[in-house]
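Chain by chain, the residues:
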Amino acid sequence: MLDSLKGFGVTFHEMFRKVDTVQYPEGKRPPAPRFHGRHQLNRWPDGLEKCIGCELCAWACPADAIYVEGADNTEDGRYSPGERYGHVYQINYLRCILCGLCVEACPTRALTMTGEYELADDNRETLIWTKEQLLAPLEQGMEAPPHPMRLGSDEKDYYDLGSAGVVGRATGDAADDAGHAADHTGRAADDTGHAADDAASSRRDSGASQESGQGKESGQGKQSGQGKQSGRGSMQREGAT
Ligand code: SF4
Ligand code: SF4
């Protein structure tokens, strides 16, 4: 008898609680800050792609959901600041379990995950996302590749300035004060938090960076062995499985 009353007590208590139902899809709640949603391929502040086509993300993926084909940058066709870029990049969201291991494997922070979770579709073909769909949109100060490296006069300057979030400018302008900026960001490397604030106060466009933590990498784009095929076969849309 007592147990029954206790049970009804729980029921009555719940009846008068504020309803916590979200009327999805009309109403939506923002996901948690570290939610694992769909992927994004990020850019440097001048618009070049961060992906260097190394395929580490594809090898790290436990669901075999990523397909990458790298290609060489040339002076006439530069898509990333390194030697290589991701020529073909596909993620199969029929397979992806949104675990984030690919993000952990990426050496350039090219690949991150957004808070976007509406990935359902009634068509298998459209669930294979291409590089064009995954690339971050161009923001103010960015220029659509291919184009030369716009930050500083050499590769070191580029990564120093890019890590500090400096917005893309004409090569000449950037080269004029690349040394100063490189010194500035180099000192700041000892104190990452201060570096971001300091560099931002002089040059950074607040909208230049798509992802957090992009200042961690340096010297990207030099790894050997790029372009090696995983042997998994292309996930061309026609062949979606
Ligand atoms: S989130 Fe996990 S399953 Fe999805 S592509 Fe990355 S490694 Fe593969
Ligand atoms: S690990 Fe990063 S840089 Fe390498 S292919 Fe994948 S996204 Fe591109």
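This part covers the confidence of the model for the protein chain. Keep in mind that low pLDDT regions are not for reading the predicted coordinates in detail. Averaged over every residue, the pLDDT of the protein chain is 77; the share at 70 or more is 69%. Contacts of residues 168-233 to residues separated by more than four positions or lying in other chains number 111 contacts, the stretch itself having pLDDT below 50.

What follows is about the packing of aromatic side chains. Under the definition given, this model contains 7 aromatic pairs. Taken together, a centroid distance of 6.4 Å and an interplanar angle of 40° make the contact between Y24 and Y117 tilted. Highlighted residues: Y24 in the loop between α1 (2-15) and β1 (39-41) and Y117 in the loop between β4 (111-113) and β5 (128-130), separated in sequence by 93 residues. Through a chain of ring-to-ring contacts, three or more aromatic side chains come together here, namely Y24, F35 and Y117. Over the aromatic face of W44 sits the side chain of K50, whose NZ or CZ is 4.6 Å from the ring centroid.

Our next topic: the site of ligand 1. Close contacts around ligand 1 come from 13 residues, with C61, C96, C99, G100 and C102 the closest. Across the shell around ligand 1, the residue classes tally to 11 nonpolar, 2 polar and no charged.

This part takes up the site of ligand 2. Close contacts around ligand 2 come from 13 residues, with C51, C54, E55, C57 and C106 the closest. Of the residues that constitute the shell around ligand 2, the class distribution is 10 nonpolar, 2 polar and 1 charged.

The next point concerns the pairing of strand β3 (residues 84-92). Most of β3 is tucked away, with 8 of its 9 residues classed as buried. The sheet contact formed by strand β2 (residues 66-72) and β3 spans 7 bridges and is antiparallel. Within β3, the residue paired with Y67 across the bridge is Q90. Here β3 pairs with β5 via 3 bridges, running antiparallel. Following the sheet pairing, I91 is matched in β5 by W129.

Basis of the calculations
- Residues numbered from 1 in each chain as written.
- Chains lettered and ligands numbered in written order.
- Predicted model: local features only at pLDDT ≥ 70, side-chain atom pairs only at ≥ 80, totals over all residues.
- Heavy atoms only, no water.
- pLDDT = per-residue confidence, 0-100.
- Contact = heavy atoms within 4.5 Å.
- Phe/Tyr/Trp six-rings, centres within 6.5 Å; stacked < 30°, edge-to-face > 60°.
- Helix = DSSP H or I, 4+ residues; strand = E, 2+ residues; numbered from the N terminus.
- Lys NZ or Arg CZ within 6 Å of the ring centre and 35° of its normal.
- Near = heavy atom within 4 Å.
- Nonpolar A, V, L, I, M, F, W, Y, C, P; charged D, E, K, R; others polar.
- Buried < 20%, exposed > 50% of the residue type's maximum accessible area, 1.4 Å probe, protein only.
- Pairing = 2+ DSSP bridges.

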